[in-house]
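Geometric and topological summary
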Amino acid sequence: FLSVVEGTAFQGCVEFRRVLYLLVEALTQQPNIILQNNEAVTAHFLPALVQIASKEDTTGSGNQQKYQCLKAIGDIVAIIMSEKSLYDPAAQPTSTTHKTEHAVVITKMLHELLIRELFPKFQSLLAEKEPVPQYAIKIGRHVMEHNPAFGVIFQRLGLV
């Protein structure tokens, strides 16, 4: 829905987008809702936010949307990665418990999103006007705090 609205022009679209981003921000301030709906958030909401944040701005007006999306991504990533029952890089896919299997799935979805979609765009995000680079760095910091193995990925992408 976010990515569709972002590419559509209609009467009142500016106000609608503003309210939509206020709703996104309000959602990120509700960790219980994010945790209760972790699979939908990881599979659908985060990818939509990443898509908008990494979209090339040809009009010069997308800095605000990028900032809001990166802030939301950072907040959500921090919430999910802080919850050991959801994010466990050491969890094995052959586990016999449902909780561990769920953690494997969520961890894999989050890693794939970060590695394939967001982190390859970091160079361009860091070159944007403030506050976009500040929030890109915050996401990197959250990820490194919870999984230092991402240092190798950052190095391979030329980010460190």
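Described below are features of the structure shown in this document.

The rules behind the values
- In every chain, residue numbers begin from 1 and rise along the written sequence.
- In keeping with the model being predicted, local features are shown solely for residues with a pLDDT of at least 70 and side-chain atom pairs are shown and tallied solely at 80 or more, while totals for entire chains, interfaces and linings include all residues.
- Hydrogens and water molecules were not included; the side-chain quantities draw on all heavy atoms of the structure.
- Per the convention used, a helix needs a DSSP run of H or I reaching at least four residues, while a strand needs a run of E reaching at least two, with both numbered from the N terminus.
- Two things to know: the radius of gyration comes from C-alpha atoms, and the globule rule equals 2.2 Å times the number of residues to the power 0.38.
- Note on classification: 1.4 Å probe, protein chains only; a residue is buried when its accessible area is under 20% of the maximum for its type, exposed when over 50%, partly exposed between these limits.
- Every case where a carboxyl oxygen of Asp or Glu lies within 4 Å of a side-chain nitrogen of Lys or Arg is listed as a salt bridge.
- Note on contacts: a residue pair qualifies if any of its non-hydrogen atoms lie within 4.5 Å across the two residues.
- To estimate how far a helix should extend, the number of its residues minus one is multiplied by 1.5 Å.
- Geometry of aromatic contacts follows a simple scheme: Phe, Tyr and Trp rings, the Trp one being its six-membered ring, pair when their centres are within 6.5 Å, and the pair is stacked under 30 degrees between planes, edge-to-face over 60, tilted otherwise.
- Each axis is a line fitted through C-alpha atoms, and for a helix only the stretch in contact is used; angles between axes span 0 to 180 degrees, taken between their N-to-C directions.
- For this classification, under 35 degrees means roughly parallel, over 145 means roughly antiparallel, 65 to 115 means roughly perpendicular, and everything else is oblique.
- Crossing chirality is assigned from the near helix's rotation relative to the far helix, an anticlockwise turn below a right angle marking it left-handed and a clockwise turn marking it right-handed.
- Three classes are used: nonpolar for Ala, Val, Leu, Ile, Met, Phe, Trp, Tyr, Cys and Pro, charged for Asp, Glu, Lys and Arg, and polar for all others, with Gly counted as polar.

Quick word on the overall build of the protein chain
Looking only at helices and strands, one finds nine helices and zero strands in the protein chain. Against the globule reference of 15 Å for 160 residues, the protein chain gives a C-alpha radius of gyration of 16 Å, in line with a compact fold. Across its three principal axes, the protein chain shows a C-alpha extent of roughly 55 × 35 × 20 Å. Here the protein chain holds 160 residues, and the buried ones make up 42% of them.

Regarding the pattern of salt bridges
Under the criterion given, the structure shown has five salt bridges. One salt bridge in this structure joins Arg-141 and Glu-145, with 3.2 Å as the shortest N-O distance. In this pair, Arg-141 and Glu-145 both sit in helix H8 (residues 132–146), four residues apart, roughly one turn of the helix.

With respect to the side chain of His-102
Relative to the elements of secondary structure, His-102 occurs in helix H6 (residues 98–118). His-102 has contacts with Asn-38, Glu-39 and Leu-86, leaving out every residue within four places of it along the chain.

Some details on H8
For H8, which comprises 15 residues, the first-to-last C-alpha distance of 22 Å matches the rise-based estimate of 21 Å (1.5 Å per residue) to within 8%. Here H8 has its buried residues at Val-132, Pro-133, Tyr-135, Ala-136, Ile-139, Gly-140, His-142 and Val-143. Looking at the buried positions of H8, the neighbouring elements they touch are helix H5 (63–82), H6, helix H7 (122–126) and helix H9 (150–156).

Section: the packing of aromatic side chains
For the structure shown, the criterion picks out five aromatic pairs. With a centroid separation of 5.1 Å and 85° between ring planes, the pair formed by Phe-119 and Phe-122 is classed as edge-to-face. Using a relative accessible area of 1% as the deciding quantity, one classes Phe-119 as buried. On the basis of relative accessibility, which here comes to 4%, the residue Phe-122 falls in the buried class. When the centroid spacing of 6.5 Å and the interplanar angle of 20° are considered together, the rings of Phe-122 and Phe-154 count as stacked. Residue Phe-122 is found in helix H7, and its partner Phe-154 is found in helix H9; the two are separated by 32 residues along the sequence.

Some thoughts on the packing of helix H4 (residues 38–54) against H5
Between H4 and H5, the shortest axis-to-axis distance is 8 Å and the interhelical angle comes to 150°. The pairing of H4 with H5 is recorded here as roughly antiparallel in orientation. The handedness of the crossing between H4 and H5 is left-handed. On H5, the residues that touch Val-41, Thr-42, Phe-45, Leu-46, Leu-49, Val-50, Ile-52 and Ala-53 of H4 are Gln-65, Lys-66, Cys-69, Leu-70, Ala-72, Ile-73, Ile-76 and Ile-80. Residue classes in the contact of H4 with H5 are distributed as 13 nonpolar, two polar and one charged.

Section: H6
Taking 1.5 Å per residue as the helical rise, H6 with its 21 residues ought to reach 30 Å, and the 29 Å between its terminal C-alpha atoms agrees with that figure. All buried positions along H6 are accounted for by His-102, Ala-103, Val-104, Ile-106, Thr-107, Leu-110, His-111, Leu-113, Leu-114 and Leu-118. In the core, the buried residues of H6 are packed alongside H4, H5, H7, H8 and H9.

Details of unusual backbone geometry
Cis geometry marks the peptide bond from Glu-130 to Pro-131; its omega dihedral reads 10°. Tracing the backbone shows Pro-131 in the loop between H7 and H8.

Considerations on the packing of helix H2 (residues 13–28) against H5
The contact between H2 and H5 brings their axes to 9 Å, and the two run at 20°. As summarised for this structure, H2 and H5 are arranged roughly parallel, according to the angle between their axes. At the point where H2 passes H5, the crossing takes the left-handed sense. Contacts between H2 and H5 involve Tyr-21, Val-24 and Thr-28 on the former and, on the latter, Gln-65, Gln-68, Cys-69, Ala-72, Asp-75, Ile-76 and Ile-79. Counted by class, the contact of H2 with H5 contains six nonpolar, three polar and one charged residues.

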